[in-house]
Amino acid sequence: MLYLLQTLPGLAALTWREVEQKIHTDERTAPRQVGVRNVPSRNDLILLDYQGSPRRLLELRTIEDVFVVATRGFKIAPDERGLRQIHAATRNEEVVKPALTLWQRLHGGKRNGSFRVVARMVGKHRFQRYELGRAVSDAIRDGWPGRWQPVNEEADLEVWATLIEQELIVAIRLSDASLRIRGKIAHLPASLRPALAATMVMLTQPAADDIFLDPMAGVGTILLERAAAGPFTALYGGDISPAAVTAMQANLRGIRGQIAIRRWDATKLPLPDASVTKVAVNLPFGTQIGEGEDLEELYRDVLRQIARVLKPGGRLVTLVADQQLLDRARTQAAPVLRATARHRVLVLGHRATICEHIRVPDTAAPPPPPIPAEDDDWE
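Residues numbered from 1 in each chain as written. Predicted model: local features only at pLDDT ≥ 70, side-chain atom pairs only at ≥ 80, totals over all residues. Heavy atoms only, no water.

Trainee: Which residues make up the sheet that holds strand 13 (residues 310-320), and what values go with them?
Mentor: Hydrogen bonding along the main chain pairs the strands of a sheet, whether they run parallel or antiparallel. Here we have seven strands laid out as an open sheet, ordered 11-10-9-12-13-15-14, and mixed in their pairing. Sheet topology places strand 11 (259-263) and strand 14 (337-347) at the edges, where each strand pairs with a single neighbour. Averaged over all pairs of adjacent strands, the angle between their axes in this sheet comes to 15 degrees, without regard to strand direction. Judged from the six bridges that link them, strand 13 and strand 15 (residues 350-359) form a sheet pairing that is antiparallel. Bridged to Val320 within strand 15 is Thr353. Packing against the sheet, helix 11 (residues 323-333) makes contact with strand 13, strand 14 and strand 15, and its axis sits at approximately 160 degrees to strand 14. (Pairing = 2+ DSSP bridges. Helix = DSSP H or I, 4+ residues; strand = E, 2+ residues; numbered from the N terminus. Axes fitted to C-alpha atoms, helices over the stretch in contact; angles between N-to-C directions. Contact = heavy atoms within 4.5 Å.)

Trainee: I'd like to hear about unusual backbone geometry, residue by residue, with values.
Mentor: Comment: phi is negative for the bulk of residues other than glycine, and the bulk of peptide bonds are trans. The backbone of Lys75 shows a phi angle near 55 degrees, a positive value even though the residue is not glycine. Mapping Lys75 onto the fold places it in the loop between strand 4 (65-73) and helix 3 (80-91). Accessibility expressed as a relative area gives 68% for Lys75, which makes it exposed. The phi dihedral of Glu165 falls on the positive side, at around 55 degrees, and the residue is not glycine. Structurally, Glu165 is set in the loop between strand 7 (157-164) and strand 8 (167-173). (Buried < 20%, exposed > 50% of the residue type's maximum accessible area, 1.4 Å probe, protein only.)

Trainee: I'd love a proper account of the packing of aromatic side chains, names of residues and values included.
Mentor: Counted under the stated rule, the structure contains three aromatic pairs. Centroid distance Tyr3 to Tyr50: 6.2 Å. Interplanar angle 55 degrees. Geometry classified as tilted. Placement of Tyr3 in strand 1 (residues 2-7) and of Tyr50 in the loop between strand 3 (43-49) and helix 2 (54-58) is noted, with a sequence separation of 47 residues between them. Given the relative accessible area of 1%, Tyr50 is considered buried. Arranged with centres 5.9 Å apart and planes meeting at 70 degrees, the rings of Trp103 and Trp148 form a pair that is edge-to-face. Remark: Trp148 occurs in strand 6 (residues 147-150) and Trp103 occurs in helix 4 (residues 93-106); sequence separation between them is 45 residues. What makes Trp103 buried here is its relative accessible area of 2%. Residue Trp148 is classed as buried on the basis of its relative accessible area, which comes to 1%. (Phe/Tyr/Trp six-rings, centres within 6.5 Å; stacked < 30°, edge-to-face > 60°.)

Trainee: Can you lay out helix 7 (residues 194-203) for me, pointing to particular residues and giving the numbers?
Mentor: Along an α-helix, residues three or four apart share an orientation, since each turn contains 3.6 residues. Among the 10 residues in helix 7, 10 count as buried, and that is most of the element. Within helix 7, the full set of buried residues consists of Pro194, Ala195, Leu196, Ala197, Ala198, Thr199, Met200, Val201, Met202 and Leu203. Once helix 7 ends, the next one or two residues include Gln205, with phi positive near 60 degrees.

Trainee: Tell me about the sheet that holds strand 6, and name the residues and values.
Mentor: An order of 2-3-1-4-8-7-5-6 is seen for the eight strands of this open sheet, with the pairing classed as mixed. Either end of the sheet is taken by a strand with one partner, and the two such strands are strand 2 (32-39) and strand 6. Pairs of neighbouring strands in the sheet enclose a mean axial angle of 35 degrees, with direction left out of account. Of the strand pairs in this sheet, strand 5 (residues 112-122) and strand 6 are connected by four bridges, and their pairing is parallel. Bridged to Gly113 within strand 6 is Trp148. Against the sheet, helix 1 (residues 12-22) touches strand 1, strand 2 and strand 3, its axis set at about 35 degrees to strand 3. Strands in contact with helix 3 are strand 4, strand 7 and strand 8; relative to strand 8, the strand with the most contacts, it is inclined by about 40 degrees.

Trainee: Lay out the pairing of strand 1 in plain terms, naming residues and giving numbers.
Mentor: Within strand 1, six of the six residues are buried, which leaves it mostly tucked inside the rest of the structure. Where strand 1 meets strand 3, six bridges bridge the pair, whose relative direction is antiparallel. Counterpart to Thr7 in the pairing with strand 3 is Asp44. Two elements, strand 1 and strand 4, share four bridges in a ladder whose sense is antiparallel. Within the sheet, the bridge partner assigned to Tyr3 lies in strand 4 and is Val68.

By themselves, these are just geometric observations and shouldn't be taken as functional.
This is the structure in structure tokens:
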């Protein structure tokens with residue numbers, strides 16, 4: 001069966017890493033990547049052939065949606081002929097039936113009901129996105145097994161039609177909104193997306209003996225994802241905002257284990273030296289700090305504290321908008337935090353970088369030269 005995993009822009013390679021780590025099957029049913037597609041500024045899409053249970057895919061944390069592919073079309077013409085090709089490809093009952101049957105099995109055997117089409121287009125075409133959606137909608141209503149009626153919202157069946165240049169992918173959504181929310185109760189503006197938080201947690205290499213810290217935790221999204229990643233020894237989280245701490249406490253209330261949540265200033269952490277083993281933090285972007293504050297100074301002060309409380313050999317994962325600013329601050333204030341890898345992503349349409357670091361001993365040799373910056377043409 002062909003599936004589609006949808007994640008945030010830039011995360012496809014890391015999502016595939018999670019697939020390989022978490023879906024342990026024999027050679028016959030092991031997932032096989034068919035290809036990666038991109039909807040610019042919106043999503044990375046991973047096509048995979050997988051013969052195991054789709055419920056295993058729904059357990060992945062670095063994704064936002066799971067689809068089963070109903071049909072694909074190739075060499076779609078950019079004009080009116082393309083709309084006819086799209087209609088014919090989508091209406092093919094024999095091709096569509098296995099995907100629809102799988103959706104019905106997961107969702108209670110429905111053979112009739114409402115549906116809606118989400119249409120997306122990438123590239124130059126001489127027809128509009130609504131025309132793509134209409135062609136797919138007409139094909140579903142007229143040709144799919146059962147009786148399906150189109151609606152604009154709150155449909156039983158949700159079908160996403162993505163046309164990327166000449167390739168058409170029509171897929172049935174298996175996940176729902178809960179996969180994106182992940183149990184968060186309280187939200188604040190600019191809260192980190194759970195899929196991105198889960199990716200950062202994965203890069204810390206979770207282990208049962210983790211004493212895990214998020215010094216600027218906001219509503220606690222990273223801490224929630226660390227709790228979901230498996231056993232831990234302790235979770236520490238704090239924020240300078242009273243509203244954030246209140247939201248964090250609400251979100252983490254149901255998590256079992258040793259958890260400490262406090263209001264604090266991340267530049268003056270009330271933790272002993274070398275007391276934590278893993279740190280993940282979403283450092284403020286330029287638009288998130290108050291007027292007159294120096295972002296580079298803030299980074300220096302926070303990194304100095306992280307270097308102090310992180311044990312030698314411990315791992316730090318940061319999310320930043322300005323990687324060069326982070327590098328300068330780290331070199332000046334915390335040279336014992338050695339950069340090991342970087343991953344470019346888009347956050348709400350803005351470029352950002354996930355940076356991995358290792359805390360080396362204080363007596364270690366000077367750090368190696370900075371990792372070369374990636375191509376500025378990255379999107």
